[in-house]
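Architecture at a glance
Chain by chain, the residues run as shown.
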Amino acid sequence: MAELSDDQLVSAFKALGHPTRLAILSWLKDGDSFPPQDRPADEVGVCLKHIQARAKVSQSTASQFMATLQRADLVICTRIGQFSHYRRNEQTIAKLGKAIGADV
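Residues numbered from 1 in each chain as written. Predicted model: local features only at pLDDT ≥ 70, side-chain atom pairs only at ≥ 80, totals over all residues. Heavy atoms only, no water.

1. Thoughts on the pattern of salt bridges
Tallying each qualifying case throughout the model produces 1 salt bridge. For the salt bridge of Glu 90 with Arg 88, the shortest nitrogen-to-oxygen distance reads 2.7 Å. For Arg 88, a relative accessible area of 13% gives the class buried. (Salt bridge = Lys/Arg side-chain N within 4 Å of Asp/Glu carboxyl O. Buried < 20%, exposed > 50% of the residue type's maximum accessible area, 1.4 Å probe, protein only.)

Shown next as structure tokens:
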């Protein structure tokens, strides 16, 4: 597993620098804690509307939060029709943990 570059580390830490984005990444660890969806969260991720509802933010704010996490490669987006579903990118998160010396 290749290490993250300094730019990737900075991007990840900036993305996690907002309490709601940090919370979202934590919530996505247990996708089944969100309301049921047509397809299982462990396959496609959690629909943005469920993330928005839990975060208690507008749709545009939720979209911006997820775009920031996606640019940092911390989440993966899957489009199903008109809906965006997000799941954690465990590979990047593991590399981030390794970079800071955490056992993940």
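So much for the structure itself; the text now carries on.
2. Some thoughts on the environment of Arg 21
Topologically, Arg 21 is positioned in helix H2 (residues 19-27). For the pair Arg 21 and Gln 64, spaced 43 residues apart in sequence, the C-alpha separation works out to 9.8 Å. The contacts of Arg 21, once residues within four sequence positions are left out, are Lys 14, Ala 15, Phe 65, Thr 68 and Leu 69. (Helix = DSSP H or I, 4+ residues; strand = E, 2+ residues; numbered from the N terminus. Contact = heavy atoms within 4.5 Å.)

3. A word on H2
Taken residue by residue, H2 has Thr 20, Arg 21, Ile 24 and Leu 25 as its buried positions. The buried side chains of H2 occupy one side of the element, clustering within an arc of 140 degrees when seen end-on. Contacts from the buried residues of H2 go to helix H1 (6-15), helix H4 (48-55), helix H5 (59-71), strand S2 (75-80), strand S3 (83-88) and helix H6 (90-99). (Arc of directions from axis to C-beta.)

4. Quick notes on the packing of H2 against H5
With their axes 10 Å apart at the nearest point, H2 and H5 run at an angle of 70 degrees to one another. With respect to each other, H2 and H5 are oriented roughly perpendicular. In contact with Thr 20, Arg 21 and Ile 24 of H2, H5 contributes Phe 65, Met 66, Thr 68 and Leu 69. Class assignment of the residues belonging to the contact of H2 with H5 gives a composition of 4 nonpolar, 2 polar and 1 charged. (Axes fitted to C-alpha atoms, helices over the stretch in contact; angles between N-to-C directions. Parallel < 35°, antiparallel > 145°, perpendicular 65-115°, else oblique. Nonpolar A, V, L, I, M, F, W, Y, C, P; charged D, E, K, R; others polar.)

5. Some points on the state of the cysteines
According to the stated counting rule, one finds 0 disulfides in the structure shown. Cys 77 supplies the cysteine sulfur nearest to Cys 47, a cysteine that is in no disulfide, at a spacing of 9.9 Å. (Disulfide = S-S within 2.5 Å.)

6. Quick look at H4
Three or more residues of H4 are buried, namely Leu 48, His 50, Ile 51 and Ala 55. End-on, the buried residues of H4 take up no more than an arc of 160 degrees, which puts them together on one face. Along its buried surface, H4 packs onto H2, strand S1 (46-47), H5 and S3. Backbone geometry just downstream of H4 places Lys 56 in the positive-phi region, at approximately 55 degrees.

7. Overview of the nonpolar core
Counting residues in each nonpolar core, the largest one holds 23 residues, and the members touching the most others are Leu 28, Ile 51, Met 66, Leu 69 and Leu 74. Element by element, the count of residues in this core is highest for H5, at 4 residues. Residues within four places of Leu 69 in sequence aside, it is in contact with Ala 15, Leu 16, Arg 21, Ile 24, Leu 74 and Val 75. (Core = buried A, V, L, I, M, F, W, Y, C linked by side-chain atoms within 4.5 Å.)

8. Some words on the sheet that holds S3
Within the open sheet, the 3 strands sit side by side as S1-S3-S2. Their pairing is antiparallel. Of all strands in the sheet, those with a lone pairing partner are S1 and S2, marking the two edges. H5 contacts S2 and S3 of the sheet and is inclined by roughly 125 degrees relative to S2. (Pairing = 2+ DSSP bridges.)

Taken by themselves, the reported measurements are silent on function.
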